[in-house]
Amino acid sequence: DQARMAPVPSHVAVIMDGNGRWAKLRGLPRTAGHSRGADAVRRCVEAAVELGVGYLTLFGFSAENWKRSPTEIEDLMGLLRRYLQAGVDDLSPAKDADILIVLGGPIGVYELDRYQFLKSEFVVIETVMGRGKPVVGICLGAQLIAAVLGARVYAAREKEIGWGLVGLTPDGRK
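Here the structure is a predicted model, which is why all the values come from computation and not from measurement. (Residues numbered from 1 in each chain as written. Predicted model: local features only at pLDDT ≥ 70, side-chain atom pairs only at ≥ 80, totals over all residues. Heavy atoms only, no water.)

A. Main features of the overall build of the chain. Helices and strands together make up the secondary structure of the chain, namely 6 helices and 4 strands. Helices (α) and strands (β) of the chain occur, in sequence order from the N terminus, as α-β-α-α-β-α-β-α-β-α. When burial is assessed residue by residue, the chain has 32% of its 174 residues classed as buried. When contacts within the chain are restricted to residue pairs at least 6 apart in sequence, those whose partners lie at least 24 apart make up 71%. When the accessible area of the chain is evaluated, it comes to approximately 11100 Å², of which 55% is carbon and sulfur surface. (Helix = DSSP H or I, 4+ residues; strand = E, 2+ residues; numbered from the N terminus. Buried < 20%, exposed > 50% of the residue type's maximum accessible area, 1.4 Å probe, protein only. Contact = heavy atoms within 4.5 Å. Areas by Shrake-Rupley, 256 points an atom, 1.4 Å probe, with all protein chains shown as cover.)

B. Up close: the pattern of salt bridges. Under the counting rule described, the total for this entry stands at 3 salt bridges. A salt bridge links D17 to R21; its shortest N-O distance comes to 3.2 Å. Accessibility expressed as a relative area gives 55% for D17, which makes it exposed. (Salt bridge = Lys/Arg side-chain N within 4 Å of Asp/Glu carboxyl O.)

C. Spatial organisation of the sheet that holds strand β4 (residues 135–138). The sheet built from 4 strands is open, its strands ordered β1-β2-β4-β3 with parallel pairing. The two strands at the open ends of the sheet, each matched to only one other strand, are β1 (11–15) and β3 (100–102). Recorded for the sheet is a direction-independent mean angle of 15° between the axes of neighbouring strands. Relative to β4, β3 runs parallel, the two being bridged by 3 bridges. (Pairing = 2+ DSSP bridges. Axes fitted to C-alpha atoms, helices over the stretch in contact; angles between N-to-C directions.)

D. Structural detail: the confidence of the model for the chain. In this model, the chain carries a mean pLDDT of 75, and residues with pLDDT of at least 70 account for 76%. The least confident element of the chain, judged by mean pLDDT, is helix α1 (residues 2–5) at 61; the most confident is helix α2 (residues 19–25) at 89. (pLDDT = per-residue confidence, 0-100.)

E. The environment of L149, seen in detail. Among the structural elements, L149 can be located in the segment after α6 (140–148). In this structure the C-alpha to C-alpha distance between L149 and I125, which are 24 residues apart in sequence, comes to 9.9 Å. When neighbours within four sequence positions are excluded, L149 is seen to be in contact with Y55 and M129.

F. Fine view of helix α5 (residues 117–130). Taking 1.5 Å of rise per residue, 14 residues should cover 20 Å, and α5 covers 20 Å from first to last C-alpha, within 8% of that figure. Those residues of α5 lying buried are F117, L118, E121, F122, V124, I125, V128 and M129. In this fold, the buried residues of α5 make contact with β2 (55–59), β3, β4 and α6. In the segment just after α5, G132 is the residue with positive phi, at about 75°. (Expected span 1.5 Å × (residues − 1).)

G. Quick look at the side chain of T57. Position of T57 among the secondary structure elements: in strand β2. Exposure remark for T57: the relative accessible area of 5% places this residue in the buried category. A polar side-chain atom of T57 sits 2.7 Å from a polar atom in the side chain of H11. Contacts of T57, omitting those with residues within four sequence positions, involve H11, V12, A13, V14, G137 and A142. (Polar contact = N/O pair within 3.5 Å; in protein donor to acceptor, adjacent residues only side chain to side chain.)

H. Representation of helix α3 (residues 30–51). Look at α3: 31 Å from first C-alpha to last across 22 residues, which is about the 32 Å you get at 1.5 Å a residue. Taken residue by residue, α3 has G33, H34, G37, V41, V45 and A48 as its buried positions. Viewed end-on, α3 has its buried residues packed into an arc of 130°, placing them on one side of the element. Looking one or two residues beyond α3, the residue adopting positive phi is G52, at roughly 90°. (Arc of directions from axis to C-beta.)

Quick look at the structure:
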């Protein structure tokens, strides 16, 4: 309960690391560790909401992670696919959310000209933040939060995530 008496930070950033090692120590496959890591993300988000943390950034996949086996990378990406597909789903219901989780992919917030759907994500994030509700940013989501807050977000020398264009489905083009 001492943690509840301490001042609550407005922004918390978490580097999600060690899920594979956790599984290995228990004789489990690395994928089991990643699934447990996803459970930890859920608990982290719930705690941030309960404590009143305004912004939660989760760093979950770096350039170093691309050195893993294709199977493990696919498993990690599969965890993300359980959420909204960028450019396809209607984001307007998210404006009324009590908490907004914004994921990302192999693109940058500075690529608005190539990925028009990012504009609608900006609007949703601004709306939710304007209502004083928590916003969680993972990868691109963290970039979007920073940009909405007025930070300059730009391309680094090396791309952190991915290496190719994102294509929209026919539904996403509507």
